[in-house]
Amino acid sequence: MDALTRLQERTWPAEGPARVPFWAYSDPEVYQREQDRIFGGPNWSYVALEAEIPNPFDFVRATVGEKPIVVTRDANGSVNAFANHCAHRGVVFCRHARGNARSFMCPYHQWTYDPTGMLIGMPFRRGHKGKGGMDPGFKLQEHGAQALKVAVRNGAIFASFDHAAPPFEEYLGPAMLGYYDRVFDGRELELLGYMRQRIPCNWKFMFENIKDPYHATVLHVFLITFGLFRLDQKSAVEMDETGRHAVLISRRGEQSLNETTRDMTNFRANLKLNDPRLIEALPEFPGDMTVVMQTIYPNVIVQQQSNTLAMRQLVTRGPQAFDLNWTFFGYKGDTPDLRQRRIRQANLMGPAGLVSVDDSEVIALSQEGAAVYPETSSILEMGGRSTADTDHMVTEAGVRGFYKHYIENMGFDHAG
Amino acid sequence: MLAEAKAIAPPAPARSAAELHSELGVLNTEYAHALDNERFDDWLDLFVEDCLYRVVPRENHLLGLPIALIHCESKGMLKDRVAAARDSTMAEPRTLRHFIANIRVIEATDAEVRAEANVLIVQTMINRMTEIVLAGFYLDRLVRQDGRLLFRERLCIYDSLLIPTSLVAPV
């Protein structure tokens, strides 16, 4: 089958997850199928931290895929999520980013919802002077805002439009749940702040970027030079059994010229910081891992690099753009010193991050090429074609693991 | 939630107000010119050693959350930022242009001047239309050293929720 036919029929290359056809990053039909099957399917999307809605009637706007939702804490303290989409005329009725509200009134015809998304009233439901109004058979309780299934675990909130989503713990699998619980260990979280950026690039390039340790050890001067994440350090790529979730693990090393760093163009033996407090970290987790980056399918990266903790949430904005929302946090009871280190080290992350800028810039360039060469395919053969876990970072196994699952989730056929 | 209360400070003595305003105008012009032309060493010279420079999303500012896009709590950190922007960051070439306006003195004492100003920054890159990087305001604390006003603290608080792709150099 030639490339053009594969493109027209959207058939995955015969090499399977060792290739990604570039049409997967720009095709509007593929994007729509992702919205239906992945973001609208029985998967858990990260939506908010509990620390954002600590009190009864607190709410925060969030997004699943590209669909706006509202996440609330109700009078009983339970967390709810529902579509920010009036059942009547479609209005995105919650217009504030966050706040505290006992009800949500749509501005158009004043249909009103309670903090669980239940429709509780509308003006002139019984008409006026015996005329008009809703049919007497109309039941408010059947026309609430579409409810999402909610999972809360140790401070983070996940939601799914598909109520057939399995329990969150089962969805992560035992190994990935262990890494999740390493950061979300039950301590109360402190919200430290947000960063947000829009990147002209398909969401998958970002998600893959954090499954790809190979780029990190060649691209990022800061990670390589200061030994924050580098080839010569004890590292690993681990996945759940489906391949959709993964962790990149490493341990901090020295800024020393050795057999490995000598081969790294971006290793700078002479780069010295004027104020090294920027990267001075305190060990705070059990064990010797200093960086664990976890991708939870389909929309979040849990970042633990030194003392920076953040949720990097992906919001899709069409096939060729996404928003990356960073929510930084620490723990209630952090010492002022540790809290200050989290704030300082956040300089490495986000839209102006001394490390992260490299990524946002380079994936935008990937998109620029992918969009106009849809008939070609990306080669993912670093570390062979296996999707098994590795104890090193010279591999793209994590990206292949993701595509193994993606192809299945999307129902793509392989070329013969 | 967008309304932001500000204490109304008594005006500085009339005699020096115009002078001070003009001095701030010159300082901000020099600031913009240094950054727009990537004269980062000249930009660094506008700060005292013990300085604070932060680029802060307005939502964090309003909610009292401490995270900043750029957080430099010494001139050393400013220098490291500049070095990274100049040498180590992989970024598409771009030209930035700062428009600083509506300079306003909040309070002026012998020890310190507190001031603010609006800022709009646009960037131009290859193959793209010129676009807005951010719109926001500066919140400053300035001190006089050897007769010139220098920044002890400059916060750039931006309204634009989303940064287009990335912010490479200081703003």
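Scroll up for the structure.
Residues numbered from 1 in each chain as written. Chains lettered and ligands numbered in written order. Predicted model: local features only at pLDDT ≥ 70, side-chain atom pairs only at ≥ 80, totals over all residues. Heavy atoms only, no water.

**Quick look at the environment of A:E15**
Here is step 1: Here A:E15 lies in the loop between α1 (3-9) and β1 (19-21).
Here is step 2: For the pair A:E15 and A:L380, spaced 365 residues apart in sequence, the C-alpha to C-alpha distance is 9.7 Å. (Helix = DSSP H or I, 4+ residues; strand = E, 2+ residues; numbered from the N terminus.)

**Considerations on the environment of A:A388**
All names here are of chain A.
Here is step 1: Within the secondary structure, A388 is located in the loop between β19 (377-379) and α9 (397-410).
Here is step 2: Taking the C-alpha atoms as reference points, A388 and R400, 12 residues apart in sequence, are found 9.3 Å from one another.
Here is step 3: Those residues within four positions of A388 in sequence are excluded, and the remaining contacts are M239 and A397. (Contact = heavy atoms within 4.5 Å.)

**A look at the interface of chain B and chain A**
Here is step 1: The interface is formed by 37 residues belonging to chain B together with 40 residues belonging to chain A.
Here is step 2: Across the chain B to chain A interface the summed buried area is about 3400 Å²; carbon plus sulfur atoms make up 58%.
Here is step 3: Of all residues in chain B, B:I67, B:M90 and B:T165 bury the most surface against chain A, accounting for 20% of the area lost on that side.
Here is step 4: On the surface where chain B and chain A come into contact, there are five salt bridges.
Here is step 5: The partner of A:E361 in a salt bridge is B:R94, and the shortest N-O contact between them spans 2.7 Å.
Here is step 6: The tally of links from chain B across to chain A stands at 21 residue pairs in polar contact (both at pLDDT 80 or more).
Here is step 7: Mapped by element, the contributors of at least two residues to the side of chain B that touches chain A are β1 (47-57), α3 (58-63), β2 (70-72), α4 (75-88) and β7 (163-164) of chain B. (Buried area = accessible area lost by both parts, 1.4 Å probe. Salt bridge = Lys/Arg side-chain N within 4 Å of Asp/Glu carboxyl O. Polar contact = N/O pair within 3.5 Å; in protein donor to acceptor, adjacent residues only side chain to side chain.)

**Notes on the nonpolar core**
Here is step 1: The biggest cluster of nonpolar side chains holds 136 residues, and the ones touching the most others in it are A:F158, A:F184, A:Y406, B:W43, B:Y53, B:L134 and B:L167.
Here is step 2: If one sorts the elements of this core by residue count, helix α3 (residues 168-183) of chain A sits on top with eight residues.
Here is step 3: Judged by nonpolar contacts, the second largest core, of 16 residues, contains A:F93, A:C94, A:C106 and A:A145. (Core = buried A, V, L, I, M, F, W, Y, C linked by side-chain atoms within 4.5 Å. Buried < 20%, exposed > 50% of the residue type's maximum accessible area, 1.4 Å probe, protein only.)

**Quick notes on the side chain of A:T225**
Here is step 1: Locating A:T225 in the fold gives a position in helix α6 (residues 221-225).
Here is step 2: What A:T225 contacts, discounting residues up to four positions off in sequence, is A:R230, A:Q255, A:N266, A:F267, A:R268 and A:L271.

**Details of the pattern of salt bridges**
Oppositely charged side chains can form a pair if their charged atoms are brought close together.
Here is step 1: Under the counting rule described, the total for this entry stands at 36 salt bridges over all chains.
Here is step 2: Linking A:E190 and A:R339 is a salt bridge whose minimum nitrogen-to-oxygen distance equals 3.0 Å. Here A:E190 is found in strand β12 (residues 189-199), whereas its partner A:R339 is found in helix α7 (residues 336-345), with 149 residues between them in sequence.
Here is step 3: A:E190 gets classed as buried once you look at its relative accessible area, which sits at 18%.
Here is step 4: B:R58 is the partner of B:D159 in a salt bridge, and the nearest nitrogen-oxygen pair spans 3.8 Å.

Distances and angles like these do not, on their own, reveal function.
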